[in-house]
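# Descriptive analysis of the structure
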Amino acid sequence: MHNDNQENSGTYKYVLIERMLEQMPVGVALLDAQTLCLLTANAAFHEFLIPAWQSECAIGHPVTDWLPLAQENGIVAAYRSVAATGIAYRSGEFRFYTYGRGMTYWNWTIDPICDSDGQVVQLLTTASDITPHVQADQRIEQQKQEFFRIASHELLTPITIIQGFAEMLELQTCLGHSLDRAQNHEAVTAIIAYSEHLTRLIGEMLDLAHIQCDQLLVHRAPHDLRKILAELIESQSITAKQHRLHFVLQGLQPADTLIACIDKDRIVQVVSNLINNAVKYSPIDSDVEVGLRYNREQPAEALIWVKDQGVGIPARDTPHIFERFYRATNVDRSLGGFGVGLYLARELVMRHGGCIRAESTEGAGSTFYVTLPLNNCQADV
Ligand code: ADP
């Protein structure tokens, strides 16, 4: 009776261990330490093999048969070393070309199993798939490379221009010549404009870094949206002289106030970015409309839009333009920019509890819509 129980509980334990091994998402296999033949393996390990060696076909065969490139990858050497030394092996990252999935990446471990004399008789190996993590790291690395490539170009251009004008002013001063008023004005205006551009670019880079470490904060307080937009359009009209900027109100009179709880500087940053893009991506002498709508039937929100008559956005690019570093395929790459403005705009609008979207037809212009909540004046984020 006692023995029966022991045997039953031993069998039950064996069944549980087998079930556990079969269900594990990590491949587990046992190899003979001398021949490196596969003795047993769980389902996850078999899936890792090419179809011809799956369904237990690999059992009894050496690793060099069922693992293509085992020799080149250094796996065979690792098995031999563990068999000879009894020292466990931990791999960082092994690359394997897996049937149906292309290149995959695995963490590989080998542990010795010894007999009563301390001889290594078997090798226990585990293989865990880390492909998604490696691919995510690779994507981030690519984006970083691309960012540094574009950012360094974007920063160098204004610095070169500023330096050029500054050197010209210095040379004239050294030679004792004075520039005429118009030339002087042109040089100083360019220096100011490109310095502001540089400041904006550096600000965007800092914002990006803050988003990465979840430190992009907005400090909300009650502000009149109509007044903010009117002032912004007035100042932008001075720089965007080659376009006609219009301010359109819907559901509001020019003297009305529309109070929203916002971070004023951040909302100015968002709308400035939309206006700058509208100007940048549309022909000289065209109209850019900035609108503000208050709808009494939807009193909880305000709608801001920026509409241009520019190049528009191809339909296939529209779903991606708010992604970090994304630039549409129809963009003239000689136009400055590194695909960060809309990404930041969306982050900032979301932190206000609002949303941003684009409607566009390639070749026929774009309209960007920003919705902001109006009934949220109690809290600061
Ligand atoms: P940048 O303008 O620096 O490239 P943004 O993040 O501001 O970056 O915009 C991302 C992309 O969205 C742009 O590169 C462009 O392809 C597209 N885009 C944005 N605004 C407009 C617009 N008004 N008209 C056409 N395309 C636009």
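Computed from a predicted structure; not experimentally measured.

On to the environment of Gln34. Topologically, Gln34 is positioned in the loop between β1 (27-32) and β2 (38-41). Between the C-alpha atom of Gln34 and that of Pro319, which follows or precedes it by 285 residues, the distance is 57 Å.

Our next topic: the site of the ligand. If you check the shell around the ligand, you find 22 residues, and the closest are Asn277, Tyr281, Arg327, Ala328 and Leu342. Between the ligand and Asn277 there is a distance of 2.8 Å, counted from an oxygen atom to a side-chain nitrogen or oxygen. Ala328 places a polar main-chain atom, nitrogen or oxygen, 2.8 Å from an oxygen atom of the ligand. Computed on the free molecule, the ligand has an accessible area of 520 Å², of which 98% lies beneath the protein chains in the complex.

Taken together, five strands build an open sheet; the order of strands is β8-β10-β11-β13-β12 and the sheet is mixed. At either margin of the open sheet sits one strand with a lone partner, and together these are β8 (244-250) and β12 (355-361). For this sheet the average axis-to-axis angle between neighbouring strands, irrespective of direction, equals 15°. Here strand β10 (residues 287-294) pairs with strand β11 (residues 301-307) via six bridges, running antiparallel.

At a closest axis distance of 10 Å, the pairing of helix α9 (residues 264-280) and helix α10 (residues 341-351) adopts a crossing angle of 145°. With respect to the hand of their crossing, α9 and α10 are arranged in left-handed fashion. In contact with Arg266, Gln269, Val270, Asn273, Leu274 and Asn277 of α9, α10 contributes Gly341, Leu342, Leu344, Ala345, Leu348 and Val349. Residues of the contact of α9 with α10, tallied by class, amount to seven nonpolar, four polar and one charged.

About the criteria used
Residues numbered from 1 in each chain as written. Predicted model: local features only at pLDDT ≥ 70, side-chain atom pairs only at ≥ 80, totals over all residues. Heavy atoms only, no water. Helix = DSSP H or I, 4+ residues; strand = E, 2+ residues; numbered from the N terminus. Near = heavy atom within 4 Å. Polar contact = N/O pair within 3.5 Å; in protein donor to acceptor, adjacent residues only side chain to side chain. Areas by Shrake-Rupley, 256 points an atom, 1.4 Å probe, with all protein chains shown as cover. Pairing = 2+ DSSP bridges. Axes fitted to C-alpha atoms, helices over the stretch in contact; angles between N-to-C directions. Left-handed = near helix turned anticlockwise from the far one by under 90°. Contact = heavy atoms within 4.5 Å. Nonpolar A, V, L, I, M, F, W, Y, C, P; charged D, E, K, R; others polar.

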